[in-house]
Amino acid sequence: MSCIEARSISKSYDGILAVDSIDLSVPTGKIFGFLGPNGAGKTTTIKLLTTLVPPTGGTIRILGMDAISNPLEVRKRIGVVLQQPSYEPTLSVEKSIEKYAMMWNVDKKLQKDRMEDLLLAFDLQDIRKKKNDDLSIGHRRRVQVAREFVHDMDLLFLDEPTVGLDPSARRSLLDYIKKRVREGLTIFFTTHILEEAEYLCDEIAIINKGKIIAVDTPAELKNKFGREKTIKIHIDTIRKDLSVLLQGIRDYQIDYNSGTTITIQSHSSENILLKILKILTVNKIPIEDLSVVPTSLEEIFLTMVKNSNVSSD
Amino acid sequence: MYPVIRLVNRNLTISLNMGFLIWQVVFPLIYIFVAGFAYTALIHEVPFANKRLDYPAFIASGMIGFNIMNSTLVSGIIIWNDRRHGMFEQILVGPFTRTQYILSNVYTIGIIGLISAGLITAVGYPLFFESVEFNILTIPLVVFASITGSILFGSIASIISTRLKSSEGFNVVINTVFLFFAFVSTAFYPAEGAPKILATAFYFNPLTYLVDVVRAGIFGNFNSFVGLEMLVLACGSAVLFVIATKLLSKLEL
Ligand SMILES: Nc1ncnc2c1ncn2[C@@H]1O[C@H](COP(=O)(O)OP(=O)(O)O)[C@@H](O)[C@H]1O
Ligand SMILES: [Mg+2]
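Residues numbered from 1 in each chain as written. Chains lettered and ligands numbered in written order. Predicted model: local features only at pLDDT ≥ 70, side-chain atom pairs only at ≥ 80, totals over all residues. Heavy atoms only, no water.

Note on aromatic pairs: each is described by the distance of the centres and the angle between the planes. Counting across every chain of the model gives 24 aromatic pairs over all chains. A centroid spacing of 5.5 Å and a plane angle of 50° characterise the contact between F157 of chain A and F188 of chain A, whose relative ring orientation is tilted. With F157 of chain A in strand β7 (residues 155-159) and F188 of chain A in strand β8 (residues 186-191), this pair connects stretches of sequence that are 31 residues apart. Taken individually, F157 of chain A and F188 of chain A each receive the classification buried, so the pair is uniform in this respect. Judged by centre distance (5.8 Å) and plane angle (65°), the ring pair of Y203 of chain B and F225 of chain B falls under edge-to-face. One end of the pair, Y203 of chain B, is in the loop between α8 (196-202) and α9 (206-218); the other, F225 of chain B, is in helix α10 (residues 224-250), with 22 residues separating them in the sequence. The exposure class of Y203 of chain B is partly exposed, given its relative accessible area of 26%. Classification of F225 of chain B as partly exposed rests on a relative accessible area of 42%. Here the aromatic cluster, defined as three or more aromatic residues joined through ring pairs, consists of Y31, F66, F183, F188, Y189 and F202 of chain B. Between R140 of chain A and the ring centre of Y87 of chain A, over which it is positioned, the NZ or CZ distance is 4.2 Å. R215 of chain B extends its terminal NZ or CZ atom over the ring of F58 of chain B, reaching a point 3.6 Å from the ring centre. (Phe/Tyr/Trp six-rings, centres within 6.5 Å; stacked < 30°, edge-to-face > 60°. Helix = DSSP H or I, 4+ residues; strand = E, 2+ residues; numbered from the N terminus. Buried < 20%, exposed > 50% of the residue type's maximum accessible area, 1.4 Å probe, protein only. Lys NZ or Arg CZ within 6 Å of the ring centre and 35° of its normal.)

The structure is reproduced here in structure tokens:
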């Protein structure tokens, strides 16, 4: 069964489409990654799905309920960590988690147990008595994420939860999320960091300029788009005449940062390489260095975003 | 527990701190005991209805209204802080509605208003006990004033907190408005005897109505003018509450 079913949802702010008629289908018990550059529409999508703002158009079903006509019933069963910080400045870490549990009507005894688990899992024991106002941004973010796990929920939205965390806190958060998903939670996770999505998610949707440009498993995405290879040829001297010499050859770029670098990026990089090498040899241009870069998801992502920008401009 | 009560619980937890208690209790005490007695040398007695009050009794009763007004700053501060620190959105993606959020603020200031009115009444009692004329209307009048006053000033504080963007702006505006309310009112001096312009200005100020109704309750002086003032309080608080609610529910997220 689907946990989230959204059909052609849109949101415009003053005539600008922040989310442009997207469809989403998130299966229960999985981690769904929502990946996109800044300003792509990730936060807006989360605000629509969590009933914080009404969509300009489209339909949303969350946990089988119509989110537009039953927003409160939906909110009772989801957890949300928004992108912006949220904290009670005057309360201690402990007190603020305790009060948050109270707001969610969590049984006192259960709340006490969960609090200890969370303080441990998020490594907050040393700062449990500190006021939220006095915390570093990273600590505050950890408290905000930890706090959300104090109440029961079937579906959790996390909007760039790892921003501001150091690498080890980041890793433990991702592992904690994995653990909770094994126990039955469904997670909708946004990030602009591809590695994270790759490490964590069962399925990834890539969004750019309010539109979804690809949805698949990380492995499939690599398989589909990862056949491209990148080859770099470095030449010691600056050869401004190269673009004339290489006329007629496609899918390469030249830059002159230190010396001259030719970057080939294509499904048939090898063929292009052969052609270029021939021209270089004929013109007696010595090659300093040659390297092949395997395509990472990062590059697929950047290429896709770039292509989608070009086609929409 | 009901959602609104859970929100009130949280509101009280974040509002009741040392700074607030000082603001709520110590300031009025200074006004009553320092200003009250210091000015006695200048002001021997204050005409009030058909009796003459000494100044400490007059100011102590005025402080009840003043304190109700001050306690409502809490609602503005809660909304302001919630918006600034992201708790407003966080609550609204939780198991609550905007209406419940607004109601919880009203209940919070109602509770704080009533408690501080009670506190100042208890503390001020030795000063005005000679003149008090408690009767069947005393408690209804004081409670009416506390509730309508809380809603009225709470709405003003909420309106300010939803309209302003910078925290400096919020502090300046809210302090200026409340300072005007405090000193251009009958809390510190009677309208009778004040220059005509000032006396008129007093009645453009909701605190005057609030203080007048409280005094009418304490000194047993209910008349048709006080009835009219109660009507103004009731209508004013209703209108401002509707405006505050509208603004808060329209707040873009
Ligand atoms: N409240 C708002 N008012 C006007 N424009 C907004 C608002 N929120 C977001 N936008 C615009 O919508 C677009 C998508 O923003 P957002 O959803 O925050 O992207 P992301 O989370 O992917 O970085 C951006 O161009 C942003 O400027
Ligand atoms: Mg965002």
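We now examine the domain arrangement of chain A. Residue and element names in this part refer to chain A. One can read the domain layout of chain A as domain 1 (2-77 + 153-217), domain 2 (90-145) and domain 3 (228-294). Centre-to-centre, using C-alpha coordinates, domain 1 lies 24 Å away from domain 2. When domain 1 packs against domain 2, the two sides together hide about 740 Å² of surface, and 68% of this comes from carbon and sulfur. Sorting the residues of domain 1 by area buried against domain 2 places L165, L173 and Y176 first, and these three jointly supply 43% of that buried surface. In this assembly, domain 1 and domain 2 are joined by 0 salt bridges. Viewed at the interface, domain 2 and domain 1 are joined by 3 residue pairs in polar contact (both at pLDDT 80 or more). Where the side of domain 1 that touches domain 2 is concerned, the elements lending two or more residues are β7 and α6 (167-182). When residues in the side of domain 1 that touches domain 2 are grouped by element, the largest group, 3 residues, is from α6. (Domains from an automatic or database assignment. Buried area = accessible area lost by both parts, 1.4 Å probe. Salt bridge = Lys/Arg side-chain N within 4 Å of Asp/Glu carboxyl O. Polar contact = N/O pair within 3.5 Å; in protein donor to acceptor, adjacent residues only side chain to side chain.)

All names here are of chain A. Around the magnesium ion (ligand 2), the protein contributes the donor atoms T43 (OG1) and Q83 (OE1), at 2.0 to 2.1 Å from the metal centre. In this pair, T43 is assigned in helix α1 (residues 42-49) and Q83 in the loop between β6 (78-81) and α3 (93-103), connecting sequence segments 40 residues apart. Residue T43 is classed as partly exposed on the basis of its relative accessible area of 22%. Under the relative-accessibility criterion, Q83 is labelled partly exposed at 36%. (Donors = N, O, S within 2.8 Å, 3.2 Å for Na, K, Ca; no water.)

Let us now look at the site of ligand 1. Residues and elements named next belong to chain A. The full set of residues close to ligand 1 is Y13, A18, P37, N38, G39, A40, G41, K42, T43 and T44. One of the backbone nitrogen or oxygen atoms of G41 is found 2.9 Å away from an oxygen atom of ligand 1. The fraction of the free accessible surface of ligand 1 (560 Å²) that becomes covered by protein chains is 62%. Sorting elements by how many residues they give to the shell around ligand 1 places α1 first, with 3 residues. Residue composition of the shell around ligand 1, grouped by class: 4 nonpolar, 5 polar and 1 charged. (Near = heavy atom within 4 Å. Areas by Shrake-Rupley, 256 points an atom, 1.4 Å probe, with all protein chains shown as cover. Nonpolar A, V, L, I, M, F, W, Y, C, P; charged D, E, K, R; others polar.)

This part takes up the pattern of salt bridges. Residues and elements named next belong to chain A. By the definition in use, this model includes 21 salt bridges over all chains. For R77, the salt bridge is made with D154, and the minimal N-O distance between the two is 2.8 Å. With R77 in the loop between α2 (71-75) and β6 and D154 in the loop between α5 (137-148) and β7, this residue pair connects regions lying 77 residues apart in the sequence. Residue classification places D154 among the partly exposed positions, given a relative accessible area of 33%. Between E183 and R180 there is a salt bridge, and its shortest N-O distance comes to 3.6 Å.

Turning next to unusual backbone geometry. Residues and elements named next belong to chain A. A positive phi angle is found at L63, which is not glycine, with a value near 50°. Here L63 shows up in the loop between β4 (57-62) and β5 (65-66). At E160, a position not held by glycine, the phi torsion is positive, near 45°. Residue position: E160 is located in the loop between β7 and α6.

This paragraph deals with the interface of chain B and chain A. Of the residues lining the interface, 21 residues belong to chain B; the matching set on chain A comes to 28 residues. When chain B packs against chain A, the two sides together hide about 2300 Å² of surface, and 61% of this comes from carbon and sulfur. When the buried surface of chain B facing chain A is broken down by residue, H85, Q90 and V93 of chain B rank first, second and third, together holding 28% of it. For the interface between chain B and chain A, the tally reads 1 salt bridge. Where the side of chain B that touches chain A is concerned, the elements lending two or more residues are α1 (3-15) and α4 (87-92) of chain B. Residue contributions to the side of chain B that touches chain A peak at 6 residues, all from α1 of chain B. Partitioned by chemical class, the residues of the side of chain B that touches chain A number 10 nonpolar, 7 polar and 4 charged. (Contact = heavy atoms within 4.5 Å.)

What follows covers α5 of chain A. When the terminal C-alpha atoms of α5 of chain A are compared, their 17 Å separation across 12 residues agrees well with the 16 Å that a helix rising 1.5 Å per residue should span. By the criterion of burial, α5 of chain A is predominantly enclosed, with 10 of the 12 residues buried. (Expected span 1.5 Å × (residues − 1).)

Residues and elements named next belong to chain A. Examined against the element boundaries, Y176 turns out to sit in helix α6. A relative accessible area of 12% places Y176 in the buried class. When the C-alpha positions of Y176 and F122 are compared, they lie 8.6 Å apart, and in sequence the two are 54 residues distant. Ignoring sequence-local partners within four residues, the contact set of Y176 consists of L118, A121, F122 and F149.

Now for the sheet that holds strand β10 (residues 211-216) of chain A. Residue and element names in this part refer to chain A. Ordered by their spatial adjacency, 6 strands build an open sheet running β6-β7-β8-β3-β9-β10, and the pairing between neighbours is mixed. The sheet terminates laterally at β6 and β10, the two strands that pair on one side only. Each adjacent strand pair in this sheet contributes to an overall mean axis angle of 15°, direction not counted. Sheet analysis places strand β3 (residues 31-35) next to β8, joined by 5 bridges and oriented parallel. (Pairing = 2+ DSSP bridges. Axes fitted to C-alpha atoms, helices over the stretch in contact; angles between N-to-C directions.)

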